[in-house]
Amino acid sequence: MRLARFTEFGKKIICVGLNYKLHVKEMKNSLPTTPIVFLKPPTAYVINEGSIRIPKNCQELHHEVELGVVIGRKGSSVNENEAEDLIGGYVIALDMTARDLQSKAKSSGKPWSIAKGFDTSCPVGNFIPKEALPNANSLDIWCKVNGQLKQKGNTSDMIFTIPHLISYISQYFTLEIGDLILTGTPDGVGPVNSNDIIEIGIGDISKASFKIE
Ligand SMILES: O=C([O-])CC(=O)C(=O)O
Ligand SMILES: [Mg+2]
């Protein structure tokens, strides 16, 4: 399986929002009762050590570190017990967000597609096969900007678990090999500026680094 190069497959990037209580609180949103799902196009990918571009008309670009689940087997309408079989591996990732454009879209009831899906909005670390990460439901994920720790969360704090997310999403979208699910960000999101260095990681298991152009 060529999953190590999954970003070249051009497959779906399916994102889950507001999946950690403390992030829901910092965004002043109410707790979701079902997963909040949105998409990024595959042109959003940036691989480790690449650079992130600030999109046009954005004055407030935010980092959101997230655990990414890479799909390794096709599946549709799977239940939670079968969900694990669809996982091929994981990546540490960023859901880069044009927060000002998203806020405007939110308040006028418009979609988030540009705020979340612009070119370079999905930086990812190296692919980690699932065998190498048996405890995905309890992992420390973190984000530093210019060496300063900004986000530190644990995947055990997700409102909707990884099997629940896979099952839920697969009721609507057939999951295919190479698709990526971003599982939501913990609290501590904040702005980045030109020339900043963002580092993200899973404990000391995986680390990736990106520069803001
Ligand atoms: O923009 C947001 O707050 C929603 C989101 O992507 C997340 O919670 O990871
Ligand atoms: Mg996010």
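One can find the structure itself at the top, above this paragraph.
Predicted, not measured: the structure shown is a model, and the values here were computed from it.

Any chance you could explain the site of ligand 1 here in plain terms?
The immediate surroundings of ligand 1 are formed by 14 residues, with Leu-18, His-23, Asp-95, Gln-102 and Lys-116 found nearest. Measuring from an oxygen atom of ligand 1, one finds a side-chain N or O atom of Arg-99 at 2.9 Å. Here ligand 1 has 260 Å² of accessible area as a free molecule, and 100% of this is covered by the chains. Elements with a contribution of two residues or more to the shell around ligand 1: β1 (13–17) and α3 (99–107).

Help me understand the coordination of the magnesium ion (ligand 2), please; the structure alone is not making it clear to me.
In ideal tetrahedral geometry, four donors around a metal make angles of 109.5 degrees, whereas ideal octahedral geometry with six donors gives angles of 90 or 180 degrees. Protein-derived coordination of the magnesium ion (ligand 2) comes from Glu-64 (OE), Glu-66 (OE) and Asp-95 (OD), at a distance range of 2.0 to 2.1 Å. The motif formed by the donor residues of the magnesium ion (ligand 2), counted along the single chain, is E-x1-E-x28-D.

Would you mind showing me how to read the pairing of strand β12 (residues 148–154) here?
Two faces belong to every sheet, and in a regular strand the side chains alternate between them. Bridging between strand β11 (residues 140–145) and β12 involves 6 bridges; their strand directions are antiparallel. Its bridge partner lying in β12, Cys-143 is registered against Gln-151. The loop that links β11 with its antiparallel partner β12 comprises 2 residues; one of these, Asn-146, has a positive phi angle of about 50 degrees.

About the criteria used
Residues numbered from 1 in each chain as written. Chains lettered and ligands numbered in written order. Predicted model: local features only at pLDDT ≥ 70, side-chain atom pairs only at ≥ 80, totals over all residues. Heavy atoms only, no water. Near = heavy atom within 4 Å. Polar contact = N/O pair within 3.5 Å; in protein donor to acceptor, adjacent residues only side chain to side chain. Areas by Shrake-Rupley, 256 points an atom, 1.4 Å probe, with all protein chains shown as cover. Helix = DSSP H or I, 4+ residues; strand = E, 2+ residues; numbered from the N terminus. Donors = N, O, S within 2.8 Å, 3.2 Å for Na, K, Ca; no water. Pairing = 2+ DSSP bridges.

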